[in-house]
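# Residue-level structural notes
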Amino acid sequence: MTETLIKKIKNEMKEHLTAEQMRQLHMVLVNCLVDAVEKKNKTTDLIKLFLAAKRVEGCSDKTVKYYESTLKTAIDSIKKDVVEITTDDLRIYLDDY
């Protein structure tokens, strides 16, 4: 998906940029998109680990699905990388909730 998006953007910009600018654009796109994908994967992995722990602890499937939904909603609302979320971020989220 990332490569397809990069190709599409470069194709749209090729008439407007020099060869050197295209190389720079490529580098920037790769760095930004790879970082975004890695952060999303890290978040997904952490959620999966948490949910697995809850299953092992004996939580029902319904409870695990509720936890998953609640976590995803909170993370989307806070708009920070999971490892950067602080107690204050959670307090503000819960207060707004």
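Residues numbered from 1 in each chain as written. Predicted model: local features only at pLDDT ≥ 70, side-chain atom pairs only at ≥ 80, totals over all residues. Heavy atoms only, no water.

### Some thoughts on the environment of Val83
Residue position: Val83 is located in the loop between helix 3 (61-78) and helix 4 (87-96). Taking C-alpha positions, Val83 is 40 Å from Glu15, a pair spaced 68 residues apart along the chain. Apart from the residues lying within four places of it in its own chain, the contact partners of Val83 are Lys42 and Leu46. (Helix = DSSP H or I, 4+ residues; strand = E, 2+ residues; numbered from the N terminus. Contact = heavy atoms within 4.5 Å.)

### Observations regarding the packing of aromatic side chains
By convention here, two paired aromatic rings are described through the distance between centres and the angle between planes. One pass over the structure, following the stated rule, counts three aromatic pairs. On the basis of an interplanar angle of 55° and a centroid distance of 6.0 Å, the ring pair of Phe50 and Tyr67 is categorised as tilted. With Phe50 in helix 2 (residues 19-56) and Tyr67 in helix 3, this residue pair connects regions lying 17 residues apart in the sequence. A residue is classified by how much of its surface remains accessible, and Phe50, at 35% relative accessible area, is partly exposed. The partly exposed category is assigned to Tyr67, whose relative accessible area is 29%. (Phe/Tyr/Trp six-rings, centres within 6.5 Å; stacked < 30°, edge-to-face > 60°. Buried < 20%, exposed > 50% of the residue type's maximum accessible area, 1.4 Å probe, protein only.)

### Description of the layout of surface pockets
Volume-wise, the largest pocket comes out at about 240 Å³. Around the largest pocket, the lining residues are Ala36, Lys39, Lys40, Thr43, Thr44, Ile47, Lys72, Ile75, Asp76, Lys80, Asp81 and Val82. Where the lining of the largest pocket is concerned, the elements lending two or more residues are helix 2 and helix 3. Among the elements that line the lining of the largest pocket, the one with the most residues is helix 2, at six residues. Its residues assigned to classes, the lining of the largest pocket shows four nonpolar, two polar and six charged. A volume near 190 Å³ is recorded for the second largest pocket. Looking at the second largest pocket, the residues that line it are Thr43, Leu46, Ile47, Phe50, Leu71, Ala74, Ile75, Ile78, Val82, Ile85 and Leu90. Those elements giving two or more residues to the lining of the second largest pocket turn out to be helix 2 and helix 3. A breakdown of the residues in the lining of the second largest pocket according to their chemical character gives 10 nonpolar, one polar and no charged. (1 Å grid on protein atoms, 1.4 Å probe; cavity = no way out; pocket = protein on both sides within 12 Å on 5 of 7 lines; lining within 4 Å. Points joined across faces, edges and corners; volume = space filled by probe spheres on them. Nonpolar A, V, L, I, M, F, W, Y, C, P; charged D, E, K, R; others polar.)

All quantities given are derived from atomic positions and should not be read as evidence of function.
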